[in-house]
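What the coordinates show
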Amino acid sequence: MPTVWVLGAGQLGAMLKQAAYPLALRVEPVEPESEQLPAIKDGDIITVEREQWPDTAVTRHMSQQSGFMNADIFGKIADRFHQKTMLDTLGINTAPWRSVEVDTQAKSLHAALGPDVLLKRREGGYDGKGQFWLYQDKGLDVPSDWLGTGIAEKKIPFNEELSLVGARDKDGNKVFYPLTLNLHRNGILMASVAPLARVDHLQGKAESMLGKIMDAADYIGVMAMECFRVGEELIVNELAPRVHNSGHWTQAGACVSQFEMHLRAVSGLPIKAPEVRGQSVMINVIGVERETNWLKIPSTQCYWYGKDVRPGRKLGHININHPKKSAVQTALNELRNLLPENYGDVFDWVKEELSSL
Ligand code: ATP
Ligand code: MG
């Protein structure tokens, strides 16, 4: 079997490595700043855990390999200008937007996009970083450091945020996980719930949107599509050409996790429609110290990324899965007592969703 090299050595790379074991695949995450070049052999596969990377000896080496999967996609997705252009070209619903050029004025953005406009950096934003709200009633101008570096989006008055994780193999076969409901706070994913019967009727629509995107890019592997639901409409917020935080629940709640699915697709192994088991909830651990008592809670899996604790930083996640919703609820109640009080609204949100099922 070829080795699968992962550009990036964060938690996604680590979880890809974990998922490789049953496939007896060798997966090697590579730190972009590493001094040593990976010993890539003919026939090896190179994939990524991030859509953007610094220009280093390692990243230059990896991205020049013939086994570098989806080489063309990163230029199209990592820069929001190109990503939005691609969505427009494919006729896929996305938040109305404008490019922020060196001479763009707030007035013209408000005229085109309304009173509340969200500036997003073209490149490098994540977890709500690289965003700036331009409110007309505050009389703000476009800050000078945004000129020529961003796009501007219309504020979408969404009902909720849903994401779809899918995979495509080299023959164009596609499989999808059920739509996942996501709660973000300050631009950071806090919790996901899946599956969710009340959004089942949107599954087909979501699959055809992501399917079209993956087909157009001749994409191989897992891709995630973040959406806003506005009534019965789905509006694409952004795409991630990789495994995604909103798919972490699949580690506990699907017969093939998103990590294994990605590895299967990129290494030419069969992919299959993932059978989903029970009810899953994923809670992200944001800026919170490790608590070993989490490990005692029934129906949970704890993932701790081994990163230094910093406010607002993703440090781990906890998957809760059980066939019975009441058992999921019990686990949530126990976990709630072991997380800081500011998680209260996250647990309230999950509880309400579960009770609606
Ligand atoms: P990620 O970590 O997922 O890559 P990000 O920081 O790159 O996130 P987005 O996903 O574009 O940025 O935005 C983060 C969050 O900000 C969204 O999940 C949503 O809650 C909110 N948001 C983004 N765009 C809009 C918009 N046009 N209207 C209203 N809210 C928005
Ligand atoms: Mg996002």
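Residues numbered from 1 in each chain as written. Chains lettered and ligands numbered in written order. Predicted model: local features only at pLDDT ≥ 70, side-chain atom pairs only at ≥ 80, totals over all residues. Heavy atoms only, no water.

1. With respect to the coordination of the magnesium ion (ligand 2)
Each pair of donors in an ideal octahedron of six around a metal sits at 90 or 180 degrees, and each pair in an ideal tetrahedron of four sits at 109.5 degrees. Put simply, the test is: With water excluded from the atoms, a metal site may look incomplete; its donors are any N, O or S atoms within 2.8 Å, or within 3.2 Å for Na, K and Ca. Site shape is set this way: if four donors have all angles between 85 and 135 degrees, tetrahedral; if opposite donors are over 155 degrees apart and all others between 65 and 115, square planar for four donors and octahedral for six; otherwise irregular. Strands here are runs of E lasting at least two residues and helices are runs of H or I lasting at least four, both read from the DSSP assignment and numbered beginning at the N terminus.
Around the magnesium ion (ligand 2), the protein contributes the donor atoms Glu226 (OE), Glu226 (OE) and Glu238 (OE), which lie 2.0 to 2.7 Å from the metal centre. Geometry at the magnesium ion (ligand 2) is irregular, judged from the six donor atoms that bind it and their angles of 51 to 175° at the metal. Here Glu238 lies in strand β13 (residues 233-240) and Glu226 lies in strand β12 (residues 221-230), a separation of 12 residues in the sequence.

2. Remarks on the site of ligand 1
Note the cut-off: For this description, a residue counts as near a given molecule or strand if any of its non-hydrogen atoms is within 4 Å of it. Within 3.5 Å is the distance limit for a polar contact, defined as a pair of N or O atoms, with the added protein rule that one can donate a hydrogen and the other accept it, and that residues adjacent in sequence qualify only through two side-chain atoms. What sets the accessible areas is the Shrake-Rupley method with a 1.4 Å probe; for residues, cover comes only from the shown protein chains.
Lys120, Asp127, Gly128, Glu161 and Glu238 are the nearest of the 22 residues found near ligand 1. One of the side-chain N or O atoms of Lys120 is found 2.7 Å from an oxygen atom in ligand 1. One of the side-chain N or O atoms of Gln131 is found 2.9 Å from an oxygen atom in ligand 1. The fraction of the free accessible surface of ligand 1 (610 Å²) that becomes covered by protein chains is 91%.

3. Looking at the side chain of Lys314
Applicable threshold: Here's how the labels work: a residue is buried when its accessible area is under 20% of the maximum for its type, exposed when over 50%, partly exposed in between, all with a 1.4 Å probe on protein chains only. Residue contacts are counted whenever heavy atoms from the two residues lie within 4.5 Å of one another.
Along the chain, the position of Lys314 falls in strand β16 (residues 314-322). Take Lys314: its relative accessible area is 14%, and that puts it in the buried class. A distance of 2.9 Å separates polar atoms of two side chains, one belonging to Lys314 and the other to Asn245. Setting aside anything within four residues of it in sequence, one finds Lys314 in contact with Gln11, Asp127, Ile188, Asn245, Asn284, Val285, Ile286, Tyr305 and Lys307.

4. Describing the domain arrangement of the protein
Accessible area lost when the parts come together is the quantity often used to give the size of an interface. What counts, and what does not: Segmentation of the chain into domains, including their bounds, is taken from an automatic or database domain assignment. When two components associate, each loses some accessible surface as probed by a 1.4 Å sphere; the sum of these losses over both components is called the buried area. Should a side-chain nitrogen of Lys or Arg be within 4 Å of a carboxyl oxygen of Asp or Glu, the pair is scored as a salt bridge.
On domain assignment, one finds that the protein holds domain 1 (3-68), domain 2 (96-154) and domain 3 (160-355). Between the C-alpha centres of domain 2 and domain 3 the distance comes to 29 Å. Contacts between the two partners involve four residues from domain 2, matched on the other side by five residues from domain 3. Buried area between domain 2 and domain 3, summed over both chains or domains, comes out near 350 Å², and the portion from carbon and sulfur atoms is 32%. Applying the counting criterion to the domain 2 and domain 3 interface returns zero salt bridges. Taken together, the links from domain 2 to domain 3 amount to one residue pair in polar contact (both at pLDDT 80 or more).

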